[in-house]
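Structural characterization, general
Given next are the chains, with one letter for each unit.
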Amino acid sequence: MVRAIDRKLLRDLSLLKGQVATIALVVAAGITAYVSTFSIYRSLSTSQQAYYERARFADVFARLERAPNAVMEQVATLPGVAQAEAREVETVLLDMPTLAEPVVGQIVSIPGRGLPLLNQLHLRAGRMVEPGRSNEVVVNEAFFEAHGLELGDRILALVNGRRVALRVVGVALSPEFVYAVPPGGFWDDNLRFGIFWMDRDVLAAAFRMEGAFNDVIIRLAPGANPEAVVDALDRVLKPYGGLGAYPRDKQISDRYVTSEIQQLKGNATVVPVIFLGVAAFLVNVVLSRLIGTQREQIAALKALGYSDVTVGAHYLKLVMVVVGLGAVGGVAMGVWAGRALMGLYTEVFRFPLLTFRLDLGTVVGSILFSAGSAVVGALAAVRQVVRLPPAEAMRPLAPPTYRPSLLERSGFHRLFSQGGRMVLRDLERRPVRLLLSSLGIGLAVAILIVGSFSIDAVRYLMDVQYGQVQREALSLTFSRSVPDRVRRELEHIPGVLHTEPLRMVPVRLVAGPRNYETAIQGLPAGGEHRQVLDAERRPVALAGEGLMLGRELARRLGVGVGDALRVEVQEGGRPVREARVVYLVDDLIGLSAYMEIGALDRLMGDDRTITGATLSVDRARMDEIYARIKELPLVAGVGRTDLFKQQFEKQVAEVMVVFTFVLAVFAAAIAVGVVYNNARIALAVRARDLASLRVLGFTRREISLILLSEIAVSLLLALPMGLVLGKVFAIGVASVAVDSELFRLPPIIEPSTYAFAVLVVLAAGVVSALLVRRRLDHLDLIGVLKTRE
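Below, the structure is looked at part by part. (Residues numbered from 1 in each chain as written. Predicted model: local features only at pLDDT ≥ 70, side-chain atom pairs only at ≥ 80, totals over all residues. Heavy atoms only, no water.)

**A look at the pairing of strand 3 (residues 89-95)**
Just so we agree on the cut-off: Using a 1.4 Å probe on the protein chains alone, a residue whose accessible area is under 20% of its type maximum counts as buried, one over 50% counts as exposed, and one in between counts as partly exposed. Starting at the N terminus, helices and strands are each numbered in turn, a helix being any DSSP run of H or I of at least four residues and a strand any DSSP run of E of at least two. When DSSP finds at least two bridges between two strands, those strands are taken to pair.
Of all seven residues in strand 3, five are buried, a share of seventy percent or more. Here strand 3 runs beside strand 4 (residues 103-110); their pairing, made up of six bridges, is antiparallel. Residue pairing for strand 4: Leu93 is matched across the bridge by Val104. The sheet contact formed by strand 3 and strand 7 (residues 154-159) spans three bridges and is antiparallel. Bridging from a neighbouring strand, Leu93 pairs with Leu158 of strand 7.

So, in structure tokens, the structure goes:
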């Protein structure tokens, strides 16, 4: 049997259905954000850990020039090493019939019989290579799909100066290439970069590496210190041209995947807190007003024997119904949004199994969190119910005592019409409510800005990197250091207009107890293709013998202009030099050091050698240039600036369209919730005043302007507040959202992003105002004027 107090609850819900719906919508938005992002975070994190463990993903990696297989006995006995495996890894150019430009391939050796000890392959189709088959390869799935390959297809590769037809016999995944970034690149490019696995004996014979290796992977014993193993491995490999060992957290694929997982974890915490904080505010406002209008009913309930706890619980039930409605909608929308985003992640990160998982703990946690925030918002109002004596509740609230405000005494009010003065008085008498309402709407603006600013920031990053820093049309990477005359020979290729040298020297920079492994980029003074920029994005001249450091790298090393660094070269004879910092540059990608190429040659103590070249070309003859480059045995990689930008635009657009749409819906929910509830409360509070004005001859338009002007003021105050908050949030997100060793997001926000955020919130405000205007048009004048004094 339904108790009378529960029937009252149903009546209250019916009377407040509009306000209940909008608060439930805000709660649903918070739960959606939590369920979708946290579930994706859990799914990605679980898949990553399970795959790494199942495939025996290595903990330490090292590259070197060449070492005999006997050295592996010494590597295997290093303290902390559980397993060690030697490999050959070579980079080749591929001639794909679907593309005119050369494609980079990385060939990794695997045992002819059985699976590798570490970084084991997950076969998706076909079979593994057979021992001794000189042309068989297994290819990574993303490259296989991007080119529409089939098992048995042949791919032409330039292997150690010879054109070899590689036959595809299998398709596989590897934990080492969950996110496959080409050498020298910053994003995956499955069309222009492929991974191939070949029998080790066959690969060694092709590159004259019989009885030797040039790559080591290690799995650590439980409790081993990765850094200690890295240092010991470097000492062992130093005589053999070791290029520097590094732990798993610096492996490029793992860094991208882990960075994305950590960003999702942060989003799953911050965004829901904003939504549920707004929901708590709305619950407090609505419940306080409801209790104010139901004082007589509260007194009657207490007089009829209902205890203070029962009456307080009645209003908490109202809150729980709102949370329940929001939870049902939020979980459903969270599953939809999570699956949509997970579909995009499955295209980017290649795991054997990556599905959206919704666990009970996430759902229960989101509901409890939402209920807790709503209860916090309701506590003040419920405490008022519990403390209200029945006799006092039977009397109407004493009218507040008002005095002329400072603005009113100054004569400012006389500048406005009678209706305008009424609006100003109400706003001046309730400044806290106005401020909180505007803050809630401002948060909606800020959420939209934060959700969209990353597109602006990365586009700016791309424009700077590939418009000001790297201005060449093509960049070539050579398989080894070569004399500068090789670059000059490139200028004889028809269509090549100008070339410039590029030298990359792997080093460890040491400043006291701090060190960092990077590369010194040697660039020509006065070059047209590559530039370094200052904080104002102005070119900085390369001159003198000093070292230029990126500002982030200098911060990590704790050095400034004028400080000396020990430069430990990580190639060749591994000499140790000293260089002085002469300038701090503001690069956005990677952590690099820069020198004039002649000064770098002198620092290394050798003649002009280069590791790459940059080219200006006649784009009309690009296919002809590509054909000639494919015939050059020394070229290990080709990069095209405009294609880097196109690849980025394609990848970011897919993810950000969905993300921005979801955020726009969320922000609109906040704006509608705050504006509509404030307007409804203002209508309830001022219904008698507005009805009196109608009786006195004011038109519906005039009383609508009085009420809706208050909404307009809160909106206009919220917009600049939201723009400022959005900028502050964007700066915070830019500083923590990405791995600063990979790239730094500048807090750049385009005017179009500000305009989009403002328009969405204004549209939500207009819709809310129209809903309230509709209720105002149907105001019951007689019923309102019968209100008991």
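Past the structure itself, the notes keep going.
**Focus: the nonpolar core**
The following threshold applies: For the purposes of this section, nonpolar cores are sets of buried Ala, Val, Leu, Ile, Met, Phe, Trp, Tyr and Cys residues that join through side-chain atoms within 4.5 Å. Contacts: residue pairs with any heavy atoms within 4.5 Å of one another.
Core analysis: the biggest nonpolar cluster contains 118 residues, and Leu44 and Leu287 have the highest contact counts within it. At 16 residues, helix 19 (residues 641-695) tops the list of elements feeding residues into this core. With residues up to four places along the chain from it excluded, the contact list for Leu44 reads Ile261, Leu264, Tyr345, Phe349, Phe351 and Leu354. Ala473, Val482, Ile610 and Leu615 belong to the second largest nonpolar core, which has 35 residues in total.

**A look at the pairing of strand 6 (residues 136-140)**
Counting buried positions over the five residues of strand 6 gives five, a clear majority of the element. One ladder, built from five bridges, connects strand 6 with strand 8 (residues 162-173); its direction is parallel. What sits directly across from Val138, in strand 8, is Gly170.

**A look at a nonpolar patch on the surface**
Which entries qualify depends on this criterion: The patch calculation keeps residues exceeding 30% relative accessible area without a salt bridge and links them within 9 Å when they carry like charges or within 5 Å when they are nonpolar (Val, Leu, Ile, Met, Phe, Trp, Tyr). The protein chains shown are the only cover counted for residues, whose accessible areas, like all others here, come from Shrake-Rupley with a 1.4 Å probe. Whenever a carboxyl oxygen of Asp or Glu lies within 4 Å of a side-chain nitrogen of Lys or Arg, that contact is scored as a salt bridge.
On the surface, a cluster of nonpolar side chains totalling about 330 Å² of accessible area is made up of Trp336, Phe661 and Val665. Relative to the helices and strands, Trp336 is located in helix 9 (residues 308-348).

**Some points on the packing of helix 2 (residues 17-54) against helix 9**
Note the threshold: Only the contacting stretch of a helix is used when fitting its axis, a line to C-alpha atoms as for every element, and angles between N-to-C directions run 0 to 180 degrees. Crossings are sorted by hand: turned counterclockwise from the far helix by less than a right angle, the near helix makes the crossing left-handed, and turned clockwise it makes it right-handed. Note on residue classes: Ala, Val, Leu, Ile, Met, Phe, Trp, Tyr, Cys and Pro are nonpolar, Asp, Glu, Lys and Arg are charged, and everything else, Gly too, is polar.
Interaxial distance between helix 2 and helix 9 falls to 6 Å at its minimum, and their mutual angle equals 40°. Judged by the twist between their axes, the crossing of helix 2 over helix 9 is right-handed. Classifying every residue of the contact of helix 2 with helix 9 by side-chain character gives 20 nonpolar, eight polar and no charged.

Taken by themselves, the reported measurements are silent on function.
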